[in-house]
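# Chain and residue survey
Each chain, written out:
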Amino acid sequence: MDKELEWSYEIGRTAEFIESNKLRRVALQFPDELLKDSFRVVTALRASLSEQVGLFLMADTAYGSCCVDVVGASHVDADCVVHYGHTCLSPTTKLPALFVFGKASITVSHCVINLLHYAQPTGKPVLVLFGLDYAHSIQQIRESVMAAGGRDYKRQVQFADVMCSVMNPLSDPQVSNDIAADGVTSSNSFGTVSGNVYRIGGLVWELPEGSKMEDYLLFWIGSNNSAFANIVLTYSGCEIVRYDASECSVVTDLSQQRRILKRRYYLMEKAKDANIVAILVGTLGVAGYLNMIHQMKELITTAGKKVYTLVMGRPNPAKLANFPECDIFIYVSCAQTALLDSKEYLAPVITPFEAMLAFSRGSQWTGEYVMEFRDLINSSPVESRNKSEEARFSFIQGGYVEEFDREGNDAEEDKEGALALANATEKALQLRDNPNAIAKRTAKSGAEFLAARSYQGLDIHYDTSLPGPYLMGRSGRAAGYQDEKRM
């Protein structure tokens, strides 16, 4: 057996986990970039397992490859999923999962030198965060820092720990014995704080009493991927330094990542003017996604807007272009796939956090950003409807907008009948020539949008049941049909 393959993919640990838990049908999930090694991994596992264990290789997941593909595993009736490569460590709903993060190469000595440069005793304390594929080297980095700086650096430098490497469904992730973790406190919070314990992207750490995140300099070890973007957006008030292990360089210019916040604020303002909202289901395996969908539906309906739910796997511009009636899309997915660059889409794609700010009247964005939708479940947003029915100023339209109260209009129509409908129609009329006029936001549905389109599909004539005459088409090949004149 290839020793490097066994070390990188943890063949022995995986085989021991399968045998000790008496699993008989195991799904092996590989991302696209690791498929080239999948055959060798399956061969090595087969040599270490009994013949009663069935191995099923999964690729091309329906949603993000960082999440456990519970849907694909259920097709083969798997007892467990072994997830390889980059992961968000989102809790699963049905199946247990074993995570093999991989072991990316890193020059520990060079990393320690750069870390000590920022961890000065008179400066800010440093919190070391890292990509999960560098978890294997963190203990060595920790020991090197302590050996170089002694007790002073022990108080000045703090390391995050890996939350878990084995996850059971519908239970709090527990820290595995396979990866060392010091001072880990159990918490239900992801991406936010429970007491002084923080969790984000599969990492967990605890700050001393009286400390806050803004007091620390964040030293990220890893590449510029979705996990790092999650860190930058969530802790935008912190000073962040990224150590690129592949390039052996330090990156301090994060202006491109921070520019994302300005873009997200623009999309949130644009969502306020939306009439028809679609919820994109971006996961079927992350725990709590159904609760988030129901909460979004209630929020959107209370705001007087029409809502649809779409399940289509990984979204792309071509798929969403089939729904031109939708003014905005809300993408319910894990934190590391929630941010879609919607510049190529016909309509913006926002996160549940942005939707709660956009559709809750009176709420203001303080700069805090929440990526994990599980942090928003059962939250208490500001009331969606203003009782005074005051007009809202739209930064996109450059004027005041009067929201359409769907629930209020329906109640009036039921109570007063045709008179209420006439009053509502009269109220909706406005003078377009007046630049100071208040725009009226009339909520529409997909059916009304289709009725207003110039092309609605093939015409179907219901006035007669007789079939129309048929005509004989061309015959032959495209190079020369039979009815064409030959030269």
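The text that follows walks through the structure, step by step, so that each part is easy to find. Residue numbering note: each chain is counted from 1, following its sequence as written. In keeping with the model being predicted, local features are shown solely for residues with a pLDDT of at least 70 and side-chain atom pairs are shown and tallied solely at 80 or more, while totals for entire chains, interfaces and linings include all residues. Excluded from the side-chain calculation are hydrogens and water; included are all heavy atoms of the structure.

## Considering the pairing of strand E13 (residues 239-244)
To sort residues, take the accessible area from a 1.4 Å probe on protein chains only and compare it with the maximum for the residue type: under 20% means buried, over 50% means exposed, and anything in between is partly exposed. Each helix is a run of H or I in the DSSP string that is no shorter than four residues. Each strand is a run of E no shorter than two, and both are numbered from the N terminus. Among the 6 residues in E13, 5 count as buried, and that is most of the element. Considered for its hand, the β-α-β crossover made up of strand E12 (residues 217-221), helix H8 (residues 226-234) and E13 is right-handed. By the bridge criterion, 3 bridges tie E13 to strand E14 (residues 249-251) in an arrangement that is antiparallel. Counted as the bridge partner of Arg242 is Val251 from E14. Hairpin remark: E13 followed by E14, antiparallel, with 4 residues in the connecting loop; positive phi at Cys248, about 55°. Orienting the strands away from the viewer, one traces the path from the first strand over the helix to the second; a clockwise path indicates a right-handed crossover. At least two bridges found by DSSP between two strands is the condition for calling them paired.

## Concerning helix H12 (residues 352-359)
Most of H12 is tucked away, with 8 of its 8 residues classed as buried. Lining the buried residues of H12 we find helix H9 (255-272), strand E15 (276-281), helix H10 (289-302), strand E17 (328-332) and strand E18 (349-350). Any pair of residues with heavy atoms lying within 4.5 Å of one another is described as a contacting pair.

## Concerning the nonpolar core
Residues Ile141, Trp205, Leu218 and Ile221 are the most contacted members of the largest nonpolar core, which totals 62 residues. When sequence neighbours within four positions are dropped, the list of residues in contact with Ile221 reads Ile106, Cys111, Val128, Leu129, Phe130, Gly131, Tyr134, Ile138, Ile141 and Tyr243. The term nonpolar core refers to a set of buried residues drawn from Ala, Val, Leu, Ile, Met, Phe, Trp, Tyr and Cys, joined through side-chain atoms within 4.5 Å.

## Quick notes on empty space enclosed by the protein
Within this scheme a cavity is a closed region of a 1 Å grid, computed over the protein atoms alone, that accommodates a 1.4 Å probe without allowing it to escape, whereas a pocket is open but has protein on both sides within 12 Å along at least five of seven lines; lining residues each have an atom within 4 Å of a point. Grid points are joined across faces, edges and corners, and a volume is the space filled by probe spheres set on the points. Scanning all chains against the criterion turns up 4 cavities of 30 Å³ or more. Taken as a whole, the largest cavity encloses approximately 90 Å³ of empty space. Lining the largest cavity, in full, are Thr61, Ala62, Tyr63, Gly64, Cys67, Val68, Asp69, Val70, Val71, Thr283, Leu284 and Gly285. Gly counts as polar in this scheme, as do all residues outside two lists: the nonpolar Ala, Val, Leu, Ile, Met, Phe, Trp, Tyr, Cys and Pro, and the charged Asp, Glu, Lys and Arg. Of the residues assigned to the lining of the largest cavity, the class counts are 7 nonpolar, 4 polar and 1 charged. Estimates place the volume of the second largest cavity at around 50 Å³. Every residue along the wall of the second largest cavity is listed here: Cys66, Cys67, Val68, Thr87, Cys88, Leu89, Ser90, Pro91, Thr92, Phe99, Gly285 and Val286.

## With respect to the packing of H10 against H12
Axis angles are defined between N-to-C directions and span 0 to 180 degrees, where every axis is a line fitted to C-alpha atoms and, for a helix, only to the segment in contact. Running from N to C, H10 and H12 cross one another at 20°; their axes reach a closest spacing of 10 Å. Taken together, the axes of H10 and H12 are roughly parallel relative to one another. Where H10 crosses over H12, the two elements pack in a sense that is left-handed. Listed contacts from H12 to Met292, Gln295, Met296, Leu299 and Ile300 of H10 are Pro352, Ala355, Met356 and Phe359. We call two directions roughly parallel when the angle between them is under 35 degrees, roughly antiparallel when it is over 145, roughly perpendicular when it lies between 65 and 115, and oblique otherwise. Handedness of a helix crossing follows the sense of rotation of the near helix relative to the far helix, less than a right angle counterclockwise being left-handed and clockwise being right-handed.

## Description of the environment of Trp220
By the secondary structure assignment, Trp220 is in strand E12. On the basis of relative accessibility, which here comes to 3%, the residue Trp220 falls in the buried class. Taking the C-alpha atoms as reference, Trp220 lies 7.8 Å from Gly131; in sequence the two are 89 residues apart. Excluding its chain neighbours within four sequence positions, the residues that come into contact with Trp220 are Leu129, Phe130, Gly131, Leu203, Asn225, Ala227, Phe228, Ile231, Val241, Arg242 and Tyr243. Two N or O atoms count as a polar contact when they lie within 3.5 Å, although within protein this holds only if one can serve as hydrogen donor and the other as acceptor, and sequence-adjacent residues are included solely when both atoms are side-chain atoms. Side-chain polar atoms of Trp220 contact the backbone oxygen of Ser223, separated by 3.3 Å.

## Notes on the side chain of Arg264
Within the secondary structure, Arg264 is located in helix H9. If we ignore the near neighbours within four places in the chain, the residues touching Arg264 are Leu339, Leu340, Val349, Ile350, Thr351, Glu354, Trp365 and Tyr369.

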